[in-house]
Amino acid sequence: MVIPANPGTVYLVGAGPGDPSLMTVRGLALLRQAGVVVYDRLVHPALVEEASPTAERIYVGKSHAHHTLRQEEINALLVERAQQGCVVVRLKGGDPFVFGRGGEEGQALAQAGVPFEIVPGVSSAIGALSYAGIPVTHRGVASAFTVVTGHLSDPAAEHDWAALAKAGTLVILMGVGRFREIAQRLLQHGCAPDTPVAAVRCGTTSDQVVVQGVLAGVAERVIALRTPAVIVVGEVVNLRAVLGWFSPEHAVPPGFLAEDRIVPAAPLGAPAPRVPARFEPAVSS
Ligand SMILES: C[S@@+](CC[C@H](N)C(=O)[O-])C[C@H]1O[C@@H](n2cnc3c(N)ncnc32)[C@H](O)[C@@H]1O
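Being a predicted model, the structure only gives us computed values, none of them experimental.

*Asks:* What is the right way to look at the overall build of the chain in this model?
*Replies:* Looking only at helices and strands, the chain features nine helices and ten strands. Counting every position in the chain, which comprises 285 residues, the buried fraction comes to 42%. For the chain, the share of sequence-separated contacts (at least 6 apart) that also reach a separation of at least 24 residues comes to 72%.

Set out below in C-alpha cells:
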C-alpha cells in the first residue's frame, strides 16, 4: 500500500501495545519512509528496526529512574527536525492520545506552525485485555468502561472513586505500584470485596503474564508484577475463563522476533514468574 509521507511533517504514530504486528498499516508505511524516528520505551525494538537503515533513530524513553529528554526538549526536537525538512515519525507505545502526551506534542507542533498528523494505535488499555481474553464491555455484564491513570500523587487530580466504583469496567494504567491504595479506595467507595480483578503485564507479547483474583485479596500479587501492566476491575474479568485464547508462545510471528525467549503463561491465580525485561529501554543506534 502506497502512503506517501510529506517532508517537514511530524507523524505522531501509535505503535500498538507490544506485539509489533498490531501496528497499523499506515503507521508502518510512514515509519519505513521516515528520515527521523523518535521513539519511546514501550515501543517494541522490532518496530524501530523497521525504519530505514539511513533514518536517524532517537530514543527518548522515560522511566522512573531514567529520563533521557524532558518533554519540552522532545517537543523542540520534533519541531527542529521537521523544520529541517525531515519526515519525522514520533513513535509511541499504544495510542498516542491515551496517556501518551501526544496531545502536548501536537500542541507544540501547532504552535510552531509545523504540520502534523496523528496515526492512532491499539491502546494497551484494550489490546492487552483482549489478549488476556477480557472484553472491556459485554452485553449483560458491563455496558461502559473507564480508563484511568493509577498515579495518585496529585491530590488536586484525585479521581471520583465513588463514581468509578459503580461505572462498569475500570481499566487502570500505571497503577501496579499503587494498587494497594487503589483497591482500598474502591472498597471504601462501595466496590464489593469479591469484585474480580486481573492484571496483565507485557500484554500481547511472548512475555505476557496475567494474575487474577478479587479486589480484597489480589493487591500483593498485582504489586509483585513489574511494569508495564494494565489492571482491570469488574465482572468482565470472569469471562476470561471462556475467552482466554492467547498462549504467549504464539505471540511472535515467524521470522519477526526470532531471538525472543518464550515464557509460558502463568496459570490462573499463580504468582507472576520473573520474566525477561524486553521492555527495558532500548538503546538508540
Ligand atoms: C504512559 S502509559 C502509555 C499508554 C499507551 N499510550 C497506550 O495507549 O497503551 C504506560 C502504561 O501503559 C500500560 N501498558 C503499555 N503497554 C503495555 C503492555 N504491553 N501490557 C500491559 N500494560 C501496558 C502500562 O500501564 C504502562 O504503565
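*Asks:* What am I meant to see in the packing of helix H3 (residues 71-83) against helix H4 (residues 102-111) here?
*Replies:* A pair of packed helices can be characterised by two numbers: the angle between their axes and the separation between those axes. It is at 9 Å that the axes of H3 and H4 come closest, and there the two elements cross at 50°. In terms of orientation, H3 lies oblique with respect to H4. With respect to the hand of their crossing, H3 and H4 are arranged in right-handed fashion. Two secondary-structure elements touch here, H3 through Gln71, Ile74, Asn75, Leu78 and Val79 and H4 through Glu104, Glu105, Ala108 and Leu109.

*Asks:* Mind showing me how you'd approach the environment of serine 124 here?
*Replies:* With respect to the secondary-structure elements, serine 124 resides in helix H5 (residues 124-130). Expressed as a C-alpha distance, the spacing of serine 124 and valine 98, which sit 26 residues apart in the sequence, is 9.0 Å. Beyond its immediate sequence surroundings of up to four residues, serine 124 is in contact with Pro17, Gly94, Leu173, Gly203, Pro228 and Val230.

*Asks:* So what exactly am I meant to see when it comes to the nonpolar core here?
*Replies:* Membership of the largest hydrophobic core comes to 71 residues, with the highest contact counts inside it found for Ala34, Val37, Val88, Leu91, Ala198, Val230 and Ile231. Considering each element in turn, this core owes the most residues, five residues, to strand E10 (residues 229-233). Sequence-distant contacts of leucine 91, defined by excluding residues within four places in its chain, comprise Val13, Ala15, Leu31, Val37, Val38, Tyr39, Asp40, Val43 and Leu47.

*Asks:* What exactly am I supposed to notice about H3 here?
*Replies:* Residues three or four positions apart in an α-helix share a direction because the helix packs 3.6 residues into each turn. If you check H3, its first and last C-alpha atoms are 18 Å apart, about what 13 residues at 1.5 Å a residue would give, namely 18 Å. Along H3, the residues classified as buried are Ile74, Asn75, Leu78, Arg81 and Ala82. Viewed along the axis of H3, the buried residues span an arc of 140°, placing them on a single side of the element. Away from its buried face by more than 90 degrees, H3 exposes Glu72 and Glu73. Residues of H3 that are buried sit in contact with strand E1 (10-14), strand E2 (36-39), strand E4 (88-92) and H4. Two residues or fewer past H3, glycine 85 is found with a positive phi of approximately 95°.

Criteria and cut-off values
- Residues numbered from 1 in each chain as written.
- Predicted model: local features only at pLDDT ≥ 70, side-chain atom pairs only at ≥ 80, totals over all residues.
- Helix = DSSP H or I, 4+ residues; strand = E, 2+ residues; numbered from the N terminus.
- Buried ≥ 20, exposed ≤ 12 C-beta atoms within 10 Å, placed from the backbone.
- Contact = placed C-beta atoms within 7 Å.
- Axes fitted to C-alpha atoms, helices over the stretch in contact; angles between N-to-C directions.
- Parallel < 35°, antiparallel > 145°, perpendicular 65-115°, else oblique.
- Left-handed = near helix turned anticlockwise from the far one by under 90°.
- Core = buried A, V, L, I, M, F, W, Y, C linked by C-beta atoms within 7 Å.
- Expected span 1.5 Å × (residues − 1).
- Arc of directions from axis to C-beta.

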